[in-house]
Amino acid sequence: MADKERVLVMGNQACVLGAIYAGLRFFAGYPITPSTEVAEGCARELPKIGGRFIQMEDEIGSIAAVIGASVSGLKAMTATSGPGYSLMIENLGYAYMTETPLVVINVQRGGPSTGLPTKVSQSDTMQAKWGPHGDYTAITVAPSTIGETVTEVIRAFNLAERFRTPVTVLLDEVLGHSRQIITLPEPGEIEIFDRVKPTCSPEEFEAFAMTPNMVSPMPAYGEGYRYVCTGLTHDTKGFTTNKSEEIAPKMYKLRHKIIDYQDEIHKMRAEKMDDAEVAFISYGSVARAALQATDIVRKAGYKVGALQLQTIWPFPDEKLREMCGKCRAVVVAELNMGQIVHEVRRALPPDIEVHELQRYDGEILTPMQLVNKLEEVL
Amino acid sequence: MTTATKNKKSQKSSVILDYLRPNKGMPSVWCAGCGNGIVMTAIIRAVDNLGLSKDEVVMASGIGCSSRMPMYLDFSALHTTHGRSLAFATGVKFARPELKVIDITGDGDALAIGGNHFIHACRRNIDITAILINNNIYGMTGGQGSPTTPSGAFSTTTPYGNSEKHFDPCSLAKAAGASFVARTTVYHATQMDTIIQKAISHRGFSLVEVISNCHTYYGRLNRMGDAVAMLNDFKNRAVPLAKSKKMTEEEMVGKFAIGVLHQEEKTEFCDVYQSVVDKVKGGK
């Protein structure tokens, strides 16, 4: 066996490599800084494997086309940044309601509004959870390195297909535009999950049937299972309903098909946590600074560790409590005015001090800023 | 696509029943006398005459009265968000070009909130048949002015008469690049059968504007009478295309041309992209 393939790529290009590994065959998008290289990569690579790329008239149309492709049986993705993600929110809600698997990459920049197109931010963290109106449960993952971007995008596709739901991948400008030499997974090295298809006859088929794991088998258009796919609240067949006894089960399914299986979704990277008295909690590009800060402070003799949230939503309450069990304090570092820190406060017992370190001026948090913050805590 | 010969059987109501979705309770959301039902049966006859299988047809729609149609027909249905159906339909067609995609939309859905998606679907000349049921008003929300509400006409949001100008969907579609553009009315039901059949058979983006009656709101607010009176009005105001070309602008005031207004041979988006895929894959 030859050596594994090594490539020099930026985070945005890594998204394309991961997506194609996971089976991406359809991309629709609209140019926006700092995510455009994802679209450019898909435009170049997808025709080579018989896939399809389309540049739509806006982000609303982009995610609409992605949903159309997904219900037609293709693994589909779009990529954008803050203002575009805001435009996608409408049809992202449609995808939650219609239980349509797809992946949205959000390479975050500063906001609100047009904000800082070329500057880094992590201020869409809460939007990824509560973007669309209504009740649903979001899945969001966040890599921190270029190599991890490949594997987390693959994981995002697997989660989307496993749970029949849209999955957001949160990158940030620094991650999207940083270049690193990475080793690509070999074919077959990472397991790929494809949506479950119906095996019953079309006559017996119910598009949104309640199943033991609450995920309904999903046919592609043209395969003989003719059903109604609608954003209106619907019964198990897909027909619109106003009946309380049909509305409640649908809403229950949207939440519990995910929340009851969240152990399958949670992923957290722990560094030097075994004896840590204080822990950094971070995600995305900040997690790299946290790792370096941990090394620096460890050398000075302090028992410090680092936790990187690779799954942001659903928030890993229990796992975080378990990991921080021996800590007396944590420092939550993020590039916004305080978003994930509130989740950490909610999840941890009151005897663990929660400190916060934020930056929201378009620049990254440096390892030394994290070290300095830790000096206050220690 | 081969054009099947006209099938006598299709004139019987049993054909209509064959294409209604089983287990879907009627009545529909449409008011008694609404033109949407006339359009729906014309689509059924067109699909039946063309010999398409139910499995190869996907019917997409947005939000509004007309957009409820896919719920009632036994095709794959994609009932989407307001104005966005053509973008969803683009995803379906591009992903599975072998499917026949019919998009049902209304004047508010296609021309106001969906205006951008509408012109770009026309521009791409993607093989989708869009059937725009134009009743000059927002029916589902209770009679508000739309982009096709004529100047001076009354609606609940133009209580003193419409101050705005209206869109002509056919001119818009042609200018934006659609390769098949036709207009008919719910009075001209037999013509509608033929036109929809031609539109589905046409390779490229086709728009069929069907002038329809919303007697419940538009008709009532503008004192146009009941459904029958409104259909009679369409009969009186519609002019066959050939005849309209011989008429002066003054003679055409208050009237409109019906028929296939525009048709041209033009490369279709999915076909062109497939040739790109073949070239890229072949050159590898």
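Only a predicted model underlies this, so the values are computations on that prediction, with no experimental measurement involved.

**Q** Tell me about the sheet that holds strand 15 (residues 329-334) of chain A, and please be specific about residues and values.
**A** The pairing of strands in a sheet happens through backbone hydrogen bonds and is either parallel or antiparallel. Residue and element names in this part refer to chain A. The sheet built from 5 strands is open, its strands ordered 11-13-12-15-16 with mixed pairing. Edge strands, defined here as strands with exactly one partner in the open sheet, are strand 11 (268-271) and strand 16 (353-358). Within this sheet the neighbouring strands show an average axis-to-axis angle of 20 degrees, counted without direction. In the sheet, strand 12 (residues 278-282) pairs with strand 13 (residues 304-309) via 5 bridges, with the strands oriented parallel. Its bridge partner being in strand 13, valine 278 is matched across the sheet by valine 304. Of the strands in this sheet, strand 12, strand 13, strand 15 and strand 16 are in contact with helix 12 (residues 367-377), which crosses strand 16 at around 150 degrees.

**Q** Describe in detail the interface of chain A and chain B, supporting the description with residues and values.
**A** At the junction of the two partners, chain A supplies 40 residues and chain B supplies 40 residues. A combined buried area of about 3400 Å² lies between chain A and chain B, and 60% of that area is made up of carbon and sulfur atoms. One can count 4 salt bridges joining chain A with chain B. Note that arginine 84 of chain B and glutamate 90 of chain A form a salt bridge whose closest N and O atoms lie 2.8 Å from each other. At the junction of chain A and chain B, the tally comes to 19 residue pairs in polar contact (both at pLDDT 80 or more). Taken together, the elements giving at least two residues each to the side of chain A that touches chain B come down to strand 3 (52-55), helix 3 (59-71), helix 4 (82-98) and strand 10 (228-230) of chain A. With 8 residues, the single largest contributor to the side of chain A that touches chain B is helix 3 of chain A. Among the residues forming the side of chain A that touches chain B, the class breakdown is 21 nonpolar, 12 polar and 7 charged. As paired elements, strand 10 of chain A and strand 2 (residues 76-79) of chain B share 3 bridges and run parallel to each other. Bridge pairing links cysteine 229 of chain A to leucine 78 of chain B in strand 2 of chain B.

**Q** I'd like to hear about a nonpolar patch on the surface, residue by residue, with values.
**A** A grouping of Val29, Ile63 and Met140 of chain B is seen on the molecular surface, where their side chains present a nonpolar patch of about 220 Å² in accessible area. Along the chain, valine 29 of chain B turns up in the loop between helix 1 (13-19) and helix 2 (36-50).

**Q** Summarise the pattern of salt bridges; cite the residues concerned and give the values.
**A** Residues and elements named next belong to chain B. The final tally for this structure, using the stated rule, is 38 salt bridges over all chains. One salt bridge in this structure joins arginine 183 and glutamate 209, with 2.9 Å as the shortest N-O distance. Of this pair, arginine 183 sits in strand 7 (residues 180-185) while glutamate 209 sits in strand 8 (residues 206-211), placing them 26 residues apart in sequence. Glutamate 209 shares its class with arginine 183; the two are buried. Connected through salt bridges with shared partners, the residues Lys93, Asp127, Arg203, Glu268 and Asp271 form a single ionic network.

**Q** Can you explain the environment of arginine 109 of chain A? Please cite residues and give values.
**A** Residue and element names in this part refer to chain A. Along the chain, arginine 109 falls in strand 5 (residues 102-110). Assessed through its relative accessible area of 6%, arginine 109 is described here as buried. Along the sequence, arginine 109 and arginine 162 sit 53 residues apart, while their C-alpha atoms lie 30 Å from each other. For arginine 109, the residues in contact, after removing those within four places along its chain, are Ile32, Thr33, Pro34, Ser81, Gly82, Pro83, Thr114, Leu116, Pro117, Lys119, Ser121 and Ser123. From its side chain, arginine 109 meets the backbone oxygen of threonine 33 in a polar contact 2.7 Å long. Only 2.8 Å separates the side chain of arginine 109 from the backbone oxygen of threonine 114, close enough to count as a polar contact.

**Q** So what's going on with unusual backbone geometry? Residues and values would help.
**A** The omega angle of the peptide bond from glycine 111 of chain A to proline 112 of chain A is 0 degrees, so this bond is cis rather than trans. One can find proline 112 of chain A in the loop between strand 5 and strand 6 (116-120). With an omega of -5 degrees, the peptide bond between tryptophan 313 of chain A and proline 314 of chain A qualifies as cis. At asparagine 125 of chain B, a position not held by glycine, the phi torsion is positive, near 55 degrees.

**Q** I'd love a proper account of the packing of helix 1 (residues 11-22) of chain A against helix 6 (residues 146-163) of chain A, names of residues and values included.
**A** How two helices sit against one another is set out by the angle between their axes and by the gap between those axes. Residues and elements named next belong to chain A. Their axes nearest at 8 Å, the elements helix 1 and helix 6 cross at an angle of 40 degrees. It follows from the interaxial angle that helix 1 and helix 6 lie oblique. Helix 6 is crossed by helix 1, and the crossing has right-handed handedness. Here Gly11, Ala14, Cys15, Gly18, Ala19, Tyr21 and Ala22 of helix 1 come into contact with helix 6, specifically with Ile146, Thr149, Val150, Val153, Ile154 and Phe157. Within the contact of helix 1 with helix 6, the residues separate by chemical class into 10 nonpolar, 3 polar and no charged.

**Q** Which residues make up the sheet that holds strand 7 of chain B, and what values go with them?
**A** The 9 strands are arranged 10(A)-2(B)-1(B)-3(B)-4(B)-8(B)-7(B)-10(B)-9(B) in an open sheet whose pairing can be described as mixed. Each having just a single partner strand, strand 10 of chain A together with strand 9 (238-240) of chain B make up the two edges of the open sheet. Between one strand axis and the next, the sheet turns by 20 degrees as a mean value, whatever way the strands run. Pairing between strand 7 of chain B and strand 10 (residues 256-263) of chain B: 4 bridges, direction antiparallel. By the bridge assignment for strand 10 of chain B, valine 181 of chain B is matched with histidine 262 of chain B.

**Q** Outline helix 2 of chain B, supporting the account with residue identities and numerical values.
**A** Residue and element names in this part refer to chain B. Over its 15 residues, helix 2 runs 21 Å from end to end, which matches the ideal 21 Å to within 8%, given 1.5 Å per residue. Counting buried positions along helix 2 gives 13 out of 15 residues, so the element sits mostly inside the fold. Positive backbone phi, at 70 degrees, marks glycine 51, one or two positions downstream of helix 2.

**Q** Pulling in residues and values, what's your account of the nonpolar core?
**A** Membership of the largest hydrophobic core comes to 129 residues, with the highest contact counts inside it found for Phe26, Met77, Ile105, Leu320, Val330 and Val344 of chain A together with Phe205 of chain B. Looking at which element gives the most residues to this core, the answer is helix 6 of chain A, with 9 residues. Two domains each provide a minimum of three residues to this core, namely domain 1 (6-183) and domain 2 (268-377) of chain A. Membership of the second largest hydrophobic core comes to 44 residues, among which are Val15, Tyr72, Phe180 and Ile196 of chain B.

**Q** Please give an account of the domain arrangement of chain A that cites residues and values.
**A** Residue and element names in this part refer to chain A. Split into domains, chain A comes out as domain 1 (6-183) and domain 2 (268-377). The interface of domain 1 with domain 2 comprises 26 residues on the first partner and 23 residues on the second. Summed over both partners, the interface of domain 1 with domain 2 comes to about 2100 Å²; 51% of that surface belongs to carbon and sulfur atoms. On the domain 1 side of the contact with domain 2, Gln122, Thr125 and Ser144 bury the most area, a combined 28% of that side's loss. Run the count over domain 1 and domain 2 and you get 1 salt bridge. Close ionic contact of lysine 119 with glutamate 363 constitutes a salt bridge, the shortest N to O distance being 2.7 Å. Scanning the region where domain 1 abuts domain 2 turns up 19 residue pairs in polar contact (both at pLDDT 80 or more). Within the residue set of the side of domain 1 that touches domain 2, elements represented by two or more residues are strand 6, helix 5 (125-130), strand 7 (139-141), helix 6 and helix 7 (173-177). Residue composition of the side of domain 1 that touches domain 2, grouped by class: 11 nonpolar, 8 polar and 7 charged.

Basis of the calculations
Residues numbered from 1 in each chain as written. Chains lettered and ligands numbered in written order. Predicted model: local features only at pLDDT ≥ 70, side-chain atom pairs only at ≥ 80, totals over all residues. Heavy atoms only, no water. Pairing = 2+ DSSP bridges. Helix = DSSP H or I, 4+ residues; strand = E, 2+ residues; numbered from the N terminus. Axes fitted to C-alpha atoms, helices over the stretch in contact; angles between N-to-C directions. Contact = heavy atoms within 4.5 Å. Buried area = accessible area lost by both parts, 1.4 Å probe. Salt bridge = Lys/Arg side-chain N within 4 Å of Asp/Glu carboxyl O. Polar contact = N/O pair within 3.5 Å; in protein donor to acceptor, adjacent residues only side chain to side chain. Nonpolar A, V, L, I, M, F, W, Y, C, P; charged D, E, K, R; others polar. Patch = residues over 30% accessible without salt bridge, like charges linked within 9 Å, V, L, I, M, F, W, Y side chains within 5 Å. Areas by Shrake-Rupley, 256 points an atom, 1.4 Å probe, with all protein chains shown as cover. Buried < 20%, exposed > 50% of the residue type's maximum accessible area, 1.4 Å probe, protein only. Parallel < 35°, antiparallel > 145°, perpendicular 65-115°, else oblique. Left-handed = near helix turned anticlockwise from the far one by under 90°. Expected span 1.5 Å × (residues − 1). Core = buried A, V, L, I, M, F, W, Y, C linked by side-chain atoms within 4.5 Å. Domains from an automatic or database assignment.

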